[in-house]
Structure formats: structure tokens, C-alpha cells
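Observations on the three-dimensional arrangement
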Amino acid sequence: MYANDCFALMGSMGWMGWLMPLSAMLLLGLAIAALVKYLVTSRHSREDRS
């Protein structure tokens, strides 16, 4: 789907058309940040034990 088609679909849905993709991107960003934090802290905790 092209960007113009996406924006047209989002515009026709009203405020829900903008809220849903933004919330999905927010949740994806939080999940990536949590994964990075987990990987960094688990690496440090393994070095502390050895």
C-alpha cells in the first residue's frame, strides 16, 4: 500500500485512523526499548558474576 493510500484511509476513518497506527508504533518502540534494556542489563549481570 502506498503512503497516499494509507493517509487517505486514515483520514476517512477519523481520529481512530490516526490513533491506532500511532499507538501501534508507540507499543513497538516500547517493546524494542525493553528488549535493548534487557540485553544490556543481562550482559552486565553476567560479567559481574564471573
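Residues numbered from 1 in each chain as written. Predicted model: local features only at pLDDT ≥ 70, side-chain atom pairs only at ≥ 80, totals over all residues. Heavy atoms only, no water.

This part is about the UniProt feature "transmembrane region" (unreviewed entry) in the chain. Mapped onto this numbering, the UniProt entry annotates "transmembrane region" (unreviewed entry) at residues 18–40. Measuring from the first to the last C-alpha atom of residues 18–40 gives 33 Å, for a span that is 100% helix and 0% strand. (UniProt positions renumbered as here; feature names shortened; annotations may be inferred. Helix = DSSP H or I, 4+ residues; strand = E, 2+ residues; numbered from the N terminus.)

A grouping of L9, M13, W15, M16, L19 and M20 is seen on the molecular surface, where their side chains present a nonpolar patch of about 630 Å² in accessible area. Structurally, M20 is set in helix 2 (residues 15–49). On the basis of relative accessibility, which here comes to 45%, the residue M20 falls in the partly exposed class. (Patch = residues over 30% accessible without salt bridge, like charges linked within 9 Å, V, L, I, M, F, W, Y side chains within 5 Å. Areas by Shrake-Rupley, 256 points an atom, 1.4 Å probe, with all protein chains shown as cover. Salt bridge = Lys/Arg side-chain N within 4 Å of Asp/Glu carboxyl O. Buried < 20%, exposed > 50% of the residue type's maximum accessible area, 1.4 Å probe, protein only.)

Tracing the backbone through its elements, the reader meets S42 in helix 2. Assessed through its relative accessible area of 15%, S42 is described here as buried. Within polar-contact distance, the side chain of S42 engages the backbone oxygen of L39 at 3.1 Å. (Polar contact = N/O pair within 3.5 Å; in protein donor to acceptor, adjacent residues only side chain to side chain.)

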